[in-house]
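The residues making up each chain are set out below.
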Number of protein chains: 2
Amino acid sequence: MSVTCAQGFRAAGVAAGIKNSGNPDLALVVNDGPRFDAAGVFTRNKVKAAPVLWSEQVLATGSLHAVVLNSGGANACTGPEGFQTSHATAEKAAEVLGSDTDPWGAVDVAICSTGLIGAQLPRERVLAGVELAAGALASDEGAGLAAATAVMTTDTVAKQSSRTDPAGWSVGGFTKGAGMIAPSMATMLSVITTDAVVDVPVLQEALRAAVRVSYDRLDIDGVMSTNDTVIVMASGASGVEADPIDLTNALTAVCKDLAAQMQADAEGVTKRITVRVSGAVTEDEAVVVARTVARDSLVKTALFGSDPNWGRIAAAVGYSAADVNPDLLDVAVNGVLLCKGGVAAGDRGAADLSGKEILVQVELGLGDGVAEILTTDLSHAYVEENSAYSS
Amino acid sequence: MSVTCAQGFRAAGVAAGIKNSGNPDLALVVNDGPRFDAAGVFTRNKVKAAPVLWSEQVLATGSLHAVVLNSGGANACTGPEGFQTSHATAEKAAEVLGSDTDPWGAVDVAICSTGLIGAQLPRERVLAGVELAAGALASDEGAGLAAATAVMTTDTVAKQSSRTDPAGWSVGGFTKGAGMIAPSMATMLSVITTDAVVDVPVLQEALRAAVRVSYDRLDIDGVMSTNDTVIVMASGASGVEADPIDLTNALTAVCKDLAAQMQADAEGVTKRITVRVSGAVTEDEAVVVARTVARDSLVKTALFGSDPNWGRIAAAVGYSAADVNPDLLDVAVNGVLLCKGGVAAGDRGAADLSGKEILVQVELGLGDGVAEILTTDLSHAYVEENSAYSS
């Protein structure tokens, strides 16, 4: 089901005392090989957390033996001391997990962190946690779940997914948080594993393609974190070489499933909203329009109130940076056409928004560009959670 | 105090039955000359309301005798029928207010509307309202206040301002709503008058300069309306030619005062937030950074909760489109330095955010670019008002 679904991987999640609550806060995912191909996608925020700077650096080799993840602190805006903590954590993992016959270096270990920005991590607790987690490593489903649980912050459920290809290899993974380009208050961290035999360039390309249409199309509140990270590791343990297209499809399926789970668990969500834009000049322009609608506070509050306020949707389309002809604009909500050619059409009352799922469809009438963005409503609970919780 | 402060202007505000509530909903501002110079600034939304399309067209002449404004309906996304309503309203005003010796055309009348998008205005009521308002025109303070009151939607107070130049001319105006580039749920409409003698190019340039540092620097929720309009009319009735710089300064002072009143009255506001960015490469980049911080839902909810969460501010700076060096970044909240050189500094607890005014200062350390954006917090009341009120 999770990162332990693919052969060649062990995982663990433990309570290292980083969180004051005593909840699990340190996860470890280890690749036992025989291959150690790896790739990553990171936040585009210019203020990058120490673990992001560290992991980008070690992934330049295209090889990883393990990933250490912690919740309870983002280790962002922590300067040289914070970077040394990430480095020391990787060294500790290498020291504990390497062997005489298979010596590791810190360069074989990626680091991910999530939590409050600006505070130093309690380094000794993190290092002790790595030892603890190393002793708890296992390859069963429970171990994968423990790792997925230890990275949770405001998540209410662990988020895992897997796919098995008929050719005999699998992909599994977990995630936490609520976005990628636009991860809500919670940083988005995801580790994905596969036992397919795959070279690094293919793996990197497949991951980029998968993220582009999954995590990158989830936009809760337009905020981009300092820590967002997606890492994929390939053990080759199945002995089966993956077709690049099949691998991309499997990674995409897992990432889309995980993104949908993040949408469903986003902070304060009462509505799961899909904004589908068609008829844009290009796919990129469809994304721009869908993202603008998905981020619009007035659209999001209206949908929280179950109000099919298509005028706010039309206004958001109009101020997006994309090509728009107002006279060709159609808007439908939950299948009911409310705006045709830029003018009111149909019966507002016919659009039933009382359920949890809302589909907003925007047709621009200009070209073939199509895209979907997943988002949520803007609710009282969102305000409550984000005003009361320092994250 | 208001649009009637400058000589040569009369105003009125009446209840025309456009709003179901029976509250005042139609305002008229008339320029009695001897000059009729006029200029306007309009929304950059590509979905423009009928009154915006109409007013942009008539202002091409650089001359206006009157502005008719209504609340209770935006007349946006209303197609040819909506445009005909704006046209008919201007014709009615010309018919009622022109005379044999001073015949007006519809082209002498600008139209502004605010309210729900997508519904046709009740044209007959609007036309009858114009007649009613024409009969109520007066040049006293009460008349100016009546006009400022009739355009209110979710505003809780009428917003007026004026300045008198020592040279002997005045500027007055009113506004409604909560933004310009980014007018909250409420469209921003503003009418400004002056009795200075001023040619159209100078008037247009002064208005643009004033709007750029006032309405354009107020950003409640990043949403741009279909109807935003600022119109200035100059009667020349003082007989005094305005120095272009003095005129720009007076217009700027009035627009800044009105923008601050909009900030204070923004829907759901519990905190008035000023985001001041310095050390940017250029002023434009300072605006980009300040606007990104001002729009960030996580920053806005933290400040609603009186939490000096500078990490969220640093993250927002980092994903802005401007040049940023994280190692040079300083952040202070209410005068307390919390982040120095991209790392925690000072005592979070020392920043007292319990009051209604919050100053966020960001120093980028890169250049001389400075800018301020005014915004508000993201509160429960914001969510309530915008989920319950169809606007």
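What you see is a predicted model, and the numbers here were worked out from it, not measured in a lab.

Rules behind the numbers
- Residues numbered from 1 in each chain as written.
- Chains lettered and ligands numbered in written order.
- Predicted model: local features only at pLDDT ≥ 70, side-chain atom pairs only at ≥ 80, totals over all residues.
- Heavy atoms only, no water.
- Pairing = 2+ DSSP bridges.
- Helix = DSSP H or I, 4+ residues; strand = E, 2+ residues; numbered from the N terminus.
- Axes fitted to C-alpha atoms, helices over the stretch in contact; angles between N-to-C directions.
- Contact = heavy atoms within 4.5 Å.
- Buried area = accessible area lost by both parts, 1.4 Å probe.
- Salt bridge = Lys/Arg side-chain N within 4 Å of Asp/Glu carboxyl O.
- Polar contact = N/O pair within 3.5 Å; in protein donor to acceptor, adjacent residues only side chain to side chain.
- Least-squares fit on C-alpha atoms with pLDDT ≥ 70 in both.
- Buried < 20%, exposed > 50% of the residue type's maximum accessible area, 1.4 Å probe, protein only.
- pLDDT = per-residue confidence, 0-100.
- Parallel < 35°, antiparallel > 145°, perpendicular 65-115°, else oblique.
- Left-handed = near helix turned anticlockwise from the far one by under 90°.
- Nonpolar A, V, L, I, M, F, W, Y, C, P; charged D, E, K, R; others polar.

**Q** Talk me through the sheet that holds strand 4 (residues 66-70) of chain A; I want residue IDs and the actual numbers.
**A** Residue and element names in this part refer to chain A. Judged by pairing direction, the sheet is mixed, and its four strands sit side by side in the order 1-2-4-5 without closing on themselves. At either margin of the open sheet sits one strand with a lone partner, and together these are strand 1 (9-14) and strand 5 (109-113). Here the average twist between neighbouring strands, direction ignored, is 10 degrees. For strand 2 (residues 26-31) and strand 4, the ladder comprises five bridges, and the chain directions are antiparallel. Residue pairing for strand 4: Ala 27 is matched across the bridge by Leu 69.

**Q** Please give an account of the pairing of strand 6 (residues 159-164) of chain B that cites residues and values.
**A** Residues and elements named next belong to chain B. Across six bridges, the pairing between strand 6 and strand 7 (residues 170-176) is antiparallel. Bridged to Ser 161 within strand 7 is Gly 173. Where strand 6 folds back on strand 7, the antiparallel hairpin that results is connected by five residues, among which Gly 168 adopts a positive phi of roughly 110 degrees.

**Q** Could you give an account of the interface of chain B and chain A, with specific residues and numbers?
**A** Counting from both sides, the interface comprises 53 residues of chain B and, opposite them, 53 residues of chain A. Carbon and sulfur atoms supply 61% of the area that chain B and chain A bury against each other, a total of about 4,000 Å² over both sides. Put simply, chain B and chain A have zero salt bridges between them. For the interface between chain B and chain A, the tally reads eleven residue pairs in polar contact (both at pLDDT 80 or more). Per-element accounting of the side of chain B that touches chain A gives the leading share, seven residues, to helix 9 (residues 310-319) of chain B.

**Q** Outline the relation of the copies chain B and chain A, listing residues and values.
**A** The relation between the two chain copies is a rotation about an axis coupled with a shift along that axis. Here chain B sits on chain A after a turn of 180 degrees about the axis and a move of 0.0 Å along it, with an RMSD of 0.0 Å. Put plainly, the chains are arranged around a two-fold axis. For chain B, the minimum C-alpha distance to the rotation axis belongs to His 380 of chain B and amounts to 2.8 Å. Of all interface residues in chain B, 100% are interface residues in chain A too; the two copies therefore contact each other through one and the same surface.

**Q** Residues and numbers for the pairing of strand 14 (residues 357-363) of chain B, please.
**A** The side chains of a regular strand alternate, first on one face of the sheet and then on the other. Residues and elements named next belong to chain B. Every second residue of strand 14 is oriented toward a common face, the buried set being Ile 358, Val 360 and Val 362 and the non-buried set Glu 357, Leu 359, Gln 361 and Glu 363. In the sheet, strand 11 (residues 330-333) pairs with strand 14 via four bridges, with the strands oriented antiparallel. When the sheet's bridge partners are listed, Ala 332 is paired in strand 14 with Gln 361.

**Q** Quick one: what's the story with the sheet that holds strand 9 (residues 229-234) of chain B, residue by residue and with numbers?
**A** Residues and elements named next belong to chain B. With respect to topology, five strands assemble into an open sheet ordered 3-9-8-7-6, the strand pairing being mixed. Two strands close off the open sheet at either side, each with one partner strand: strand 3 (37-42) and strand 6. Averaged over all pairs of adjacent strands, the angle between their axes in this sheet comes to 10 degrees, without regard to strand direction. Where strand 7 meets strand 8 (residues 189-194), six bridges bridge the pair, whose relative direction is antiparallel. Its bridge partner lying in strand 8, Val 171 is registered against Thr 194. Contacts from helix 5 (residues 200-212) reach strand 3 and strand 9 within the one sheet, and its direction differs from that of strand 3 by about 30 degrees. Across the face of the sheet, helix 6 (residues 244-264) comes into contact with strand 6, strand 7, strand 8 and strand 9 while running at roughly 155 degrees to strand 6.

**Q** Explain the pattern of salt bridges to me, and be specific about the residues and the numbers.
**A** Residue and element names in this part refer to chain A. Inspection of the entire model under this criterion finds 30 salt bridges over all chains. Asp 265 is the salt-bridge partner of Lys 159, the closest N and O atoms lying 2.7 Å from each other. Taken together, the positions of Lys 159 in strand 6 (residues 159-164) and Asp 265 in the loop between helix 6 (244-264) and strand 10 (272-280) put the pair 106 residues apart, joining distant regions of the chain. Take Lys 159 and Asp 265: they sit in the same class, and that class is buried.

**Q** Residue-level account of the confidence of the model for chain A, with values.
**A** Mean pLDDT over chain A works out to 92, with 96% of the residues at or above the 70 mark. With a pTM of 0.86, the predicted complex shows an ipTM of 0.83.

**Q** Give a description of the packing of helix 2 (residues 79-97) of chain A against helix 3 (residues 123-136) of chain A that names residues and reports values.
**A** Residues and elements named next belong to chain A. Across the interface, helix 2 lies against helix 3 with an axial gap of 9 Å and an inter-helix angle of 25 degrees. Comparing their axes, helix 3 and helix 2 come out roughly parallel. Classified by chirality, the crossing of helix 3 by helix 2 is right-handed. Facing Glu 81, Gln 84, Thr 85, Ala 88, Thr 89, Lys 92, Ala 93, Val 96 and Leu 97 of helix 2, the residues of helix 3 in contact are Arg 123, Val 126, Leu 127, Val 130, Glu 131 and Ala 134. Per-class residue counts for the contact of helix 2 with helix 3 are eight nonpolar, three polar and four charged.

**Q** Kindly report on the environment of Gln 361 of chain A, identifying the contributing residues and their values.
**A** Residues and elements named next belong to chain A. Tracing the chain through its elements places Gln 361 in strand 14 (residues 357-363). Gln 361 sits in the partly exposed class, given a relative accessible area of 27%. Sequence-wise, Gln 361 and Ile 313 are 48 residues apart; in three dimensions their C-alpha atoms are separated by 9.7 Å. Contacts of Gln 361, omitting those with residues within four sequence positions, involve Arg 276, Asp 330, Val 331, Ala 332 and Gly 335.

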